[in-house]
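Coordinate analysis (summary)
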Amino acid sequence: MRIDLHAHSNVSDGTQAPAGLVSAAAAAGLDVLALTDHDSTAGWAEALAAARGQGIGLVPGMEVSCKTSRGISVHLLCYLHDPADPGLLEEITKAKDARLSRAERMVERLAEDYPLNWDDVSAHVAPGATVGRPHIADALVAAGIVADRNEAFANILTSHSRYFVSHYAPDPVLAVELVRAAGGVPVFAHPLASARGRVVEPETFHDMIDAGLLGLEVDHRDNPPENRVWLRKLARREGLIVTGSSDYHGTGKPNLLGENTTAPEMLERIVDAAKGSQAYLP
Ligand code: AMP
Ligand code: FE
Ligand code: FE
Ligand code: ZN
């Protein structure tokens, strides 16, 4: 069984529609894929229909953008929650709206130095999709300013850049509580990805565990090996689920479907703990 529990469609910053993503997962030889768009469940129906058609397993999920009181970015994966639960829905809607005004402000700042306007960016955003810096990167690529998203993130779009604007995102402890209240299974995404920026202190892990965190995404390309050792120990000590995933974004990132995978018994624990919606597992 090859199980990949973290992938993005163009409902957020992936480059394929949900159905195209599911086809790509089947072609890559995966048995189960989780769709985890940023702050949105809008791709679930299309992905589930495609999965049924192709006979590949699908776990509906989401990746919630969070920020600690010290301003550290945390991504929380959640699986099989009730997408209509008002508490969680209200928070992700707030974050999604804040992402849009934030992207507009970043484009205003960029327009002072580059030939770029909002229409250039929105051309890369599917209708209703969660807007992020990757879409601004796509516009910079189209304008010939950078070669790819990675180059855009290396300087113009980093959090240290003069063009960077932050946005509202819930505290990870609140997000864990809301995911549990919505019947979902919260898993800390790429928890010690030190190359991405500052990572949280052990205290934050414990606060999230106390709030109901159920898993850690240990096998992710952005977690360095020594950090995975620490994460595995923490998982063993706290009885947490351990996952491995690609964080595939289509052509938007080098990450390949199935480059990291999750053990079947871990998926079983996720499915058993979920109360909000159902996976399609043929
Ligand atoms: P945002 O959520 O708008 O702040 O943008 C962060 C998103 O950009 C993350 O979800 C990543 O998937 C994506 N991202 C971060 N670094 C890179 C990179 N070097 N190349 C492509 N995408 C990236
Ligand atoms: Fe992303
Ligand atoms: Fe992430
Ligand atoms: Zn992701």
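Residues numbered from 1 in each chain as written. Chains lettered and ligands numbered in written order. Predicted model: local features only at pLDDT ≥ 70, side-chain atom pairs only at ≥ 80, totals over all residues. Heavy atoms only, no water.

**Examining helix α3 (residues 86–111)**
We apply this condition: Numbering of helices and strands starts at the N terminus; helices are DSSP runs of H or I of at least 4 residues and strands are runs of E of at least 2. Given a helix with a known number of residues, its expected span is that number minus one, times 1.5 Å. Contact definition: two residues touch when any of their heavy atoms are within 4.5 Å. Polar contacts, as counted here, are pairs of nitrogen or oxygen atoms within 3.5 Å of one another; within protein the pair requires one atom able to donate a hydrogen and one able to accept it, and residues that are adjacent in sequence qualify only if both atoms are side-chain atoms.
Relative to the 38 Å expected for 26 residues at 1.5 Å per residue, α3 spans 37 Å between its end C-alpha atoms, a close match to the ideal helical length. The secondary structure elements touched by the buried residues of α3 are β3 (57–67), α4 (118–122), α5 (133–142) and α7 (172–181). The N-capping residue of α3, defined by a side-chain oxygen 3.2 Å from the backbone nitrogen of Gly-87, is Asp-85.

**Quick word on the pattern of salt bridges**
The test is simple: A side-chain nitrogen of Lys or Arg and a carboxyl oxygen of Asp or Glu constitute a salt bridge if their distance falls within 4 Å. For every residue, the accessible area (1.4 Å probe, protein chains only) is compared with the maximum for its type, and the residue is labelled buried under 20%, exposed over 50%, or partly exposed between those bounds.
Tallied over the entire structure, the rule returns eight salt bridges. Between Arg-99 and Asp-39 there is a salt bridge whose closest N-O contact spans 3.1 Å. In this pair, Arg-99 sits in helix α3 while Asp-39 sits in the loop between β2 (32–35) and α2 (44–54), placing the two residues 60 residues apart along the sequence. The residues Arg-99 and Asp-39 share a single accessibility class, namely buried. Arg-149 is the salt-bridge partner of Asp-138, the closest N and O atoms lying 2.8 Å from each other.

**Details of the coordination of the iron ion (ligand 3)**
Geometry reference: four tetrahedral donors at a metal, ideal angle 109.5 degrees. Six octahedral donors, ideal angles 90 or 180 degrees. Rules: Donor atoms: N, O and S within 2.8 Å of the metal, or within 3.2 Å for Na, K and Ca. Because water is excluded, sites can look incomplete.
Looking at the iron ion (ligand 3), the protein donor atoms are Glu-63 (OE), His-75 (ND1) and His-190 (NE2), and they sit 2.0 to 2.2 Å from it. Spacing between the donor residues of the iron ion (ligand 3) along their common chain follows E-x11-H-x114-H. The metal-metal distance between the iron ion (ligand 3) and the iron ion (ligand 2) comes to 5.5 Å. You can see His-75 sitting in strand β4 (residues 73–79) and its partner His-190 sitting in the loop between β5 (185–188) and α8 (202–211), a full 115 residues away along the chain.

**Structural notes on the coordination of the zinc ion (ligand 4)**
Rules: Any site counts as irregular unless it has four donors with all angles between 85 and 135 degrees, making it tetrahedral, or four or six donors with opposite ones more than 155 degrees apart and the rest between 65 and 115, making it square planar or octahedral.
Protein coordination at the zinc ion (ligand 4): the donors are His-6 (NE2), His-8 (NE2), Glu-63 (OE) and Asp-247 (OD), at 2.1 to 2.3 Å from the metal. Taken together, the four donor atoms surrounding the zinc ion (ligand 4) define angles of 78 to 170 degrees at the centre, an arrangement classified as irregular. Sequence spacing of the donors to the zinc ion (ligand 4): H-x1-H-x54-E-x183-D. Between the zinc ion (ligand 4) and the iron ion (ligand 2), a spacing of 4.5 Å is present. Looking at His-6, the relative accessible area reads 0%, which means it is buried.

Geometry only, nothing functional implied.
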